[in-house]
Amino acid sequence: MDKNSNYKTGTIAVWGGENAPFWEQSTQVPVVHSVSFGYKDMDKWLKVGQGSDEGYIYSRNTNPTVKAFEDKICRLEGTEAATSFASGMAAISNTLFTLLSPGDRIVSIKDSYGGTNKLFVEFFPRFQINVTLCDTTDHEAIEKEVAAGCKVLYLETPTNPTMKVPDIERLTKAGHAAGAIVIVDNTFATPINQKPVEMGVDLIIHSATKFLGGHADALGGVVCGTKKLVKEIYHYREITGAALDPMAAYLLLRGMKTLHLRVRQQNESAMKVAQHLENHPAVTQVLYPGLKSHPQHEIAKKQMSDFGGMLSFMIKGDLETVNDFLPRLKLAHRAANLGAVETIAGPPAMTSHVECTPEERAAMGIPESLVRYSVGIEDVDDLIADLDQALAGI
Ligand SMILES: *Cc1c(COP(=O)(O)O)cnc(C)c1O
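Residues numbered from 1 in each chain as written. Predicted model: local features only at pLDDT ≥ 70, side-chain atom pairs only at ≥ 80, totals over all residues. Heavy atoms only, no water.

Chemist: When you look at the state of the cysteines in this model, what are you seeing that I'm missing?
Modeler: What makes a disulfide is a covalent bond joining the sulfur atoms belonging to two cysteines. Going through the model one piece at a time under the given rule, you end up with zero disulfides. With no disulfide of its own, C74 lies closest to C224 among cysteine sulfurs, the gap being 6.2 Å. (Disulfide = S-S within 2.5 Å.)

Chemist: I would appreciate a short explanation of the sheet that holds strand 10 (residues 333–334) in the present structure.
Modeler: By definition, the strands of a sheet pair up through backbone hydrogen bonds, in either a parallel or an antiparallel sense. Read from one edge of the open sheet, five strands run 8-9-12-11-10, paired in mixed fashion. Of all the strands in the sheet, just strand 8 (283–287) and strand 10 have a single pairing partner and so form its edges. Note: strand 9 (residues 310–315) against strand 12 (residues 370–374), five bridges, orientation antiparallel. Within strand 12, the position partnered with S312 by the bridge is R372. Contacts from helix 11 (residues 259–278) reach strand 8, strand 9 and strand 12 within the one sheet, and its direction differs from that of strand 9 by about 15°. (Pairing = 2+ DSSP bridges. Helix = DSSP H or I, 4+ residues; strand = E, 2+ residues; numbered from the N terminus. Contact = heavy atoms within 4.5 Å. Axes fitted to C-alpha atoms, helices over the stretch in contact; angles between N-to-C directions.)

Chemist: What should I look at first to understand helix 15 (residues 380–393) in this one?
Modeler: Helical geometry: 3.6 residues make up each α-helical turn, so side chains three or four residues apart lie on a common side. Taking 1.5 Å per residue, 14 residues should reach 20 Å; helix 15 reaches 20 Å between its end C-alpha atoms and fits that length. Of the residues making up helix 15, those classed as buried are V380, L383, I384, D386, L387, A390 and L391. Down the axis of helix 15, the sector holding all buried residues measures 160°, keeping them to one side. What points out from helix 15, more than 90 degrees from its buried face, is the exposed set D381 and A392. Next to the buried residues of helix 15 lie helix 11, strand 8, strand 9, helix 13 (319–325) and strand 12. (Expected span 1.5 Å × (residues − 1). Buried < 20%, exposed > 50% of the residue type's maximum accessible area, 1.4 Å probe, protein only. Arc of directions from axis to C-beta.)

Chemist: Quick question: what am I supposed to make of empty space enclosed by the protein here?
Modeler: Rolled over the atoms, a probe with the dimensions of a water molecule shows which regions are left empty. Tallied over the full model, the rule gives one cavity of 30 Å³ or more. Considered as a void within the structure, the largest cavity measures approximately 30 Å³ in volume. Lining the largest cavity we find E18, Q28, V29, Y250, L253, R254 and K257. Of the residues that constitute the lining of the largest cavity, the class distribution is three nonpolar, one polar and three charged. (1 Å grid on protein atoms, 1.4 Å probe; cavity = no way out; pocket = protein on both sides within 12 Å on 5 of 7 lines; lining within 4 Å. Points joined across faces, edges and corners; volume = space filled by probe spheres on them. Nonpolar A, V, L, I, M, F, W, Y, C, P; charged D, E, K, R; others polar.)

Function cannot be inferred from these measures alone, as they are strictly geometric.
Pasting the structure below:
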């Protein structure tokens, strides 16, 4: 696909990064399992090794299948560059350890992904990296902390699992005014629903394991942004070795060709499920940014083109009620994953915040009666009937 073309998202999802002709005229990106790439021409080898010529040396650094994946997501996010990782957490930890040194300060939100939160509360203090976690939707408090000085402002929206929506544009302005690098985890929204780069964000991170891959059969992560920042992060990853496997890259690439179709369906179905559950007597609250009742609905409307396939709801009762309800669902995997073609449901204690203690979850304001529901691409009438029969059974 022509690098400078102005195609729309669906076209980029299908053709982006797929720079045929490939080996023996194959129409699909080949899975190049080769660890290394050989050269007869010593001059050329040196130039590729030094990065002045394009090419491949060793797959911990670069690999053609992995590059196609990076090119596709880079086009989808509309950034200059992208580099990939073995998982979403590898992307997040490598990015932050590239940018932060002892004595530096990072400002973030209380509701980040459980693994990200672990970096903040368990690992960074060991390296004398100062972490300030603010209430996710208290914009004044975040702005105040950022203005006091920080190297990185790290955001995630919508958040996992309570679906809070901080204002990306407003906080990015605050971050840049303080000279900080602004990072957004865009996993929940996907580039179909939210384009952080258009709001000035410097680095966009994905757990590609989720919506990008979409089939729950490959782990991966990616960071997209300016050439300069991505190059620094890539250099750190060359050495930590948290490289994406070519087979996983292929599975993610294949999944991404239908990203726009899947996400469009998931947006539509999640809205219908959310509206239905909001009127259900056994449900006390539904958290979905597309609902008018959502506290940050106006912010979501401003920064998202649609509201995504993730929602959470609270059942009348406690964790025991949830544990009675979940096995009654017939059309959901009960698993610690999201963003797949199949619907997936689970409580935070077993999914997003499995790394945290009950006390830590309570401190983050995550109720034990909460169910996280990742809407798949099944017929939505069947999903709603399934939820109804399971709720009726408890
Ligand atoms: C799953 C997830 C991650 C971590 O990704 P892995 O691929 O599981 O390492 C990070 N952020 C968000 C929002 C996630 O949902």
